[in-house]
Amino acid sequence: MQRSARPLISILLLVLLSGPVEAQEGARAASPSGSVRLDLRTNSFIDLHFYVRAQGDQPLESRGHAFAEGDAAHEFDAAIDAAAQLESDLGGERGWGLIEPLLAGYASAADAMAACGNLPESFKPASGGAVRLREGAIRLAAAYAEVEPAFMEAVWPQHREQIEQARLGLAHDLLARQDECYEFITTALAMTVSDLTIPVYLVAESPAPGGFTHRQRGGGGVCFVGVEHASGSLLDEVVLHESIHALDLATQSQDTALQLLRGRLVANGVARTDAAWRDVPHTLMFVQAGETVRRFIDDTHRDYGDAAGYYDKVPEAAACVRPAWRHHLTEATPAAQAVDEIIAAFLARRQLQEP
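Rules used throughout
- Residues numbered from 1 in each chain as written.
- Predicted model: local features only at pLDDT ≥ 70, side-chain atom pairs only at ≥ 80, totals over all residues.
- Heavy atoms only, no water.
- Helix = DSSP H or I, 4+ residues; strand = E, 2+ residues; numbered from the N terminus.
- Buried < 20%, exposed > 50% of the residue type's maximum accessible area, 1.4 Å probe, protein only.
- Pairing = 2+ DSSP bridges.
- Salt bridge = Lys/Arg side-chain N within 4 Å of Asp/Glu carboxyl O.

### Observations concerning the environment of L261
Turning to step 1, where the next piece is worked out: With respect to the helices, strands and loops of the structure, L261 is situated in helix α10 (residues 257–267).
Turning to step 2, where the next piece is worked out: Relative accessible area serves as the criterion here: at 0%, L261 is assigned to the buried category.
Turning to step 3, where the next piece is worked out: Considering only alpha carbons, one finds L261 and L284, 23 residues apart in sequence, at a separation of 9.7 Å.

This is how it looks when you write it as structure tokens:
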């Protein structure tokens with residue numbers, strides 16, 4: 001579950017997202033009225049893109065894509081190579097924040113290829129050097145255009161059914177309670193949000209960890225969730241988690257709990273390059289999403305952080321955040337007080353680790 005963090009993304013997307021209104025196949029899921037609502041979307045072209053990325057994460061001998069031989073297999077491998085090259089040029093997977101919000105606006109590779117012609121010719125990533133952004137994006141879209149017909153015939157029908165089953169489950173469980181969920185979330189995180197719609201593109205397969213959120217034009221974020229990674233209440237939590245990233249992006253100018261926490265970490269000597277600067281607020285999002293599912297959707301729900309092992313990967317953050325934030329949610333204490341408790345626990349652990 002990842003959010004794009006490049007400072008230039010918000011500026012570049014003003015140029016990148018100048019295309020048509022987002023196109024998607026099928027009807028959008030209905031949702032109750034409220035200040036925050038989810039818009040579950042299905043788009044075969046986006047599904048193709050994340051399928052390519054998922055297969056690219058696998059060793060060559062382990063790739064399980066549907067094209068075992070023939071021209072389609074060659075074209076699909078070429079698409080995987082094009083995606084891997086662009087990701088590398090952009091400095092890693094976070095660089096997709098420059099491209100994926102643009103791709104989400106189109107229903108086919110041909111449409112996306114035309115739009116990529118409007119991209120800036122070059123881009124300078126944080127890692128240094130210069131990337132021929134327009135050329136790389138057009139090359140990727142052209143590779144997708146070559147494999148798209150075979151994908152639509154051999155893969156998409158099964159993927160579409162898989163996505164639809166996930167969408168129906170989300171509509172029954174999460175969308176039916178989203179007003180209560182988001183009132184709880186925004187209150188707990190000290191966010192003020194009015195009439196925000198969060199687009200969530202559901203795809204069948206995606207690279208780990210299965211959820212991604214990028215900044216979109218006009219504020220907020222656009223989310224992408226692979227439904228193969230979770231089901232039932234775990235999928236509810238993944239979607240809620242990604243939507244919290246989108247809420248965070250939409251409230252960057254506010255003194256939210258997440259902003260306060262980041263500021264307090266920096267004030268206490270935690271550099272933005274320190275893993276804790278990301279892990280501590282990110283863990284709070286996990287705790288918030290898990291507790292929201294348990295309170296409003298399934299009282300037997302087990303946190304994704306436990307079920308998928310995330311908390312074990314960030315033991316320092318988990319030990320500081322989970323007790324304080326759960327107490328905050330249970331007792332409705334002020335968010336600032338919970339942040340104080342998290343920071344105090346974090347600093348105490350850091351002092352113990354000092355030689």
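### Focus on the pairing of strand β3 (residues 196–203)
Turning to step 1, where the next piece is worked out: For β3, the buried fraction is high: seven of the eight residues fall into the buried class.
Turning to step 2, where the next piece is worked out: Two strands pair when backbone bridges link them, and strand β2 (residues 36–41) and β3 are joined in this way by six bridges, in the parallel orientation. Bridge pairing links L38 to I198 in β3.

### Considering unusual backbone geometry
Turning to step 1, where the next piece is worked out: Backbone torsion omega between A208 and P209 reads 10°, so that peptide bond is classified as cis.
Turning to step 2, where the next piece is worked out: By the secondary structure assignment, P209 is in the loop between β3 and β4 (211–215).
Turning to step 3, where the next piece is worked out: Backbone geometry at A190 places phi at a positive 55°, although glycine is not the residue there.
Turning to step 4, where the next piece is worked out: Tracing the sequence through the fold places A190 in the loop between α8 (178–188) and β3.
Turning to step 5, where the next piece is worked out: Here A190 falls in the partly exposed class, since its relative accessible area comes to 37%.
Turning to step 6, where the next piece is worked out: A positive phi angle, close to 55°, is found at A332, a residue other than glycine.
Turning to step 7, where the next piece is worked out: Checked against the element boundaries, A332 lands in the loop between α14 (315–331) and α15 (335–353).
Turning to step 8, where the next piece is worked out: For A332, a relative accessible area of 63% corresponds to the exposed category.

### A few points about the pattern of salt bridges
Turning to step 1, where the next piece is worked out: For the structure shown, the criterion picks out 15 salt bridges.
Turning to step 2, where the next piece is worked out: Note that D39 and R41 form a salt bridge whose closest N and O atoms lie 3.0 Å from each other.
Turning to step 3, where the next piece is worked out: The buried category is assigned to R41, whose relative accessible area is 8%.
Turning to step 4, where the next piece is worked out: Close ionic contact of R264 with D340 constitutes a salt bridge, the shortest N to O distance being 2.5 Å. Of the two residues, R264 is situated in helix α10 and D340 in helix α15; the sequence distance between them amounts to 76 residues.
Turning to step 5, where the next piece is worked out: On the basis of relative accessible area, R264 is assigned to the partly exposed category, the value being 28%.
Turning to step 6, where the next piece is worked out: Given a relative accessible area of 38%, D340 falls into the partly exposed group.
Turning to step 7, where the next piece is worked out: Here the salt bridges do not stand alone but share partners, grouping E291, R294, R295, D303 and R326 into one network.

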